[in-house]
Amino acid sequence: MAEITGDQRVQSEVLEGLATAVNHRRWFVELAVPYLGDNPIEIGSGLGDYALEWAEHLPRITATEADPDRLVRLKERLADHPSVEVRQMLLPHTERGDYSAAVSYNVLEHIDDHVGALRSMRDLVRPGGAVVIIVPAFQFAMSPADIATGHVRRYTKKTLGAAMTEAGLTVEKIHYANALGLIGYFMATKVFRLMPKEGPMVKVYDTLVLPATKAAEQRVRPPFGQSVFAVARVPA
């Protein structure tokens, strides 16, 4: 039986805090845009920050949320955006669809049956479409913040690629992102046991460090990072 893991109040607080990391979000928005097509579905939209950014690039997008309270807030926030449909969705499920892509950022690590969740995303997408994933990287960085927000694992390129392949997807691209962010996250949450919420550290990193990190990683892919980014295709 699928279930929502983690403290939903803590998750919402973290989402609200990270919403201030505008440069980080726009970088990750840009990573997905080339693969989304004309009618993607986002799995686990949270408070809608990514959906709103992607809506500027797409004719339409469907935003989803599993938590009932956040779903209400998501519908309220996106009510004035006619190109965005909002619905509830909890993975894994047996629904089939014809979306151009499924995109899911920082969701898969919350789901015990992550292969089943990836199969569900595959089944929502038309043949040849993409499943675009970002997950937190490296198990050694698992911290009290991860546990509080319901993370059951962190990933490497190898483990995420294996899960996608087992789900019947064909991996097209996979790499680490935000190398300096991994160091900062490890120090803040594992060493100092802080929660990644709004504050001076987030703003300084997002304003000063993140742009340089992004520019460097557009030239050379790092051997590690705070996140794993992957694109896989639904077989024809």
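Heads up: the structure comes first, above all this text.
Quick look at the structure, then. (Residues numbered from 1 in each chain as written. Predicted model: local features only at pLDDT ≥ 70, side-chain atom pairs only at ≥ 80, totals over all residues. Heavy atoms only, no water.)

**Digging into the pattern of salt bridges**
Counted under the stated rule, the structure contains twelve salt bridges. The partner of R77 in a salt bridge is D49, with the nearest N and O atoms 2.7 Å apart. Of the two residues, R77 is situated in helix α4 (residues 68-78) and D49 in helix α3 (residues 49-55); the sequence distance between them amounts to 28 residues. Across the salt bridge formed by E172 and R233, the nearest N and O atoms sit 2.8 Å from each other. In this pair, E172 is assigned in strand β6 (residues 170-177) and R233 in strand β7 (residues 227-233), connecting sequence segments 61 residues apart. The exposure class assigned to E172 is partly exposed, which follows from its relative accessible area of 44%. Among the charged side chains, a network of salt bridges with common partners joins R25, R26 and E53. (Salt bridge = Lys/Arg side-chain N within 4 Å of Asp/Glu carboxyl O. Helix = DSSP H or I, 4+ residues; strand = E, 2+ residues; numbered from the N terminus. Buried < 20%, exposed > 50% of the residue type's maximum accessible area, 1.4 Å probe, protein only.)

**Structural notes on the sheet that holds strand β2 (residues 61-65)**
On the basis of which strands lie adjacent, the open sheet formed by seven strands has the order β3-β2-β1-β4-β5-β7-β6 and mixed pairing. Pairing within the sheet leaves two strands with one partner each, and these edge strands are β3 (84-88) and β6. The sheet contact formed by strand β4 (residues 99-105) and strand β5 (residues 125-136) spans six bridges and is parallel. Looking across to β5, one finds that A102 is bridged to V131. Contacting β2 and β3, α4 crosses the sheet at an angle of about 165° to β3. Its contacts with the sheet place helix α7 (residues 157-166) against β5, β6 and β7, and it is angled at close to 155° to β6. (Pairing = 2+ DSSP bridges. Contact = heavy atoms within 4.5 Å. Axes fitted to C-alpha atoms, helices over the stretch in contact; angles between N-to-C directions.)

**Thoughts on the side chain of D49**
The buried category is assigned to D49, whose relative accessible area is 15%. Here R77 takes part through its side chain, which lies 2.7 Å from a polar atom of the side chain of D49. (Polar contact = N/O pair within 3.5 Å; in protein donor to acceptor, adjacent residues only side chain to side chain.)

**Points about the nonpolar core**
Ranked by size, the top nonpolar core spans 33 residues in total, and within it L108, L118, M121, V131, I133, L160 and M164 carry the most contacts. Among the secondary structure elements, those contributing two or more residues to this core are β4, α5 (114-124), β5, α7 and β7. At five residues, α5 tops the list of elements feeding residues into this core. Discounting chain neighbours no more than four positions away, the residues touching L118 are L108, V131, I133, A163, M164, A167 and L169. Judged by nonpolar contacts, the second largest core, of 30 residues, contains W27, L52, L58 and V231. (Core = buried A, V, L, I, M, F, W, Y, C linked by side-chain atoms within 4.5 Å.)

**Focus: the packing of helix α8 (residues 179-191) against helix α9 (residues 200-219)**
Put simply, α8 and α9 touch, their axes get as near as 8 Å, and they point 140° apart. In terms of orientation, α8 and α9 fall into the oblique class. When α8 is examined against α9, the residues A179, L180 and G181 are found in contact with a partner set consisting of Y205, V209, T213 and E217. Among the residues forming the contact of α8 with α9, the class breakdown is four nonpolar, two polar and one charged. (Parallel < 35°, antiparallel > 145°, perpendicular 65-115°, else oblique. Nonpolar A, V, L, I, M, F, W, Y, C, P; charged D, E, K, R; others polar.)

**A few points about the packing of aromatic side chains**
Per the stated rule, a full pass over the model turns up eight aromatic pairs. Here the aromatic residues W27, F28, Y50, W54 and Y105 are joined through ring pairs into a cluster of three or more. (Phe/Tyr/Trp six-rings, centres within 6.5 Å; stacked < 30°, edge-to-face > 60°.)

**Quick word on a nonpolar patch on the surface**
On the surface, a nonpolar cluster with roughly 740 Å² of combined accessible area is contributed by L180, I183, M187, V191, F192, L194, M201 and F224. With respect to the helices and strands, V191 occurs in helix α8. (Patch = residues over 30% accessible without salt bridge, like charges linked within 9 Å, V, L, I, M, F, W, Y side chains within 5 Å. Areas by Shrake-Rupley, 256 points an atom, 1.4 Å probe, with all protein chains shown as cover.)

**Here's the deal with the side chain of H93**
Its location among the elements puts H93 in the loop between β3 and β4. Contacts of H93, omitting those with residues within four sequence positions, involve S120 and L124.

**Regarding the environment of L71**
Following the sequence through the fold, L71 ends up in helix α4. According to the relative accessible area criterion, L71 is buried, its value standing at 8%. Between the C-alpha atoms of L71 and L47, which are 24 residues apart in sequence, the distance is 8.1 Å. L71 has contacts with E65, V86, R87 and Q88, leaving out every residue within four places of it along the chain.

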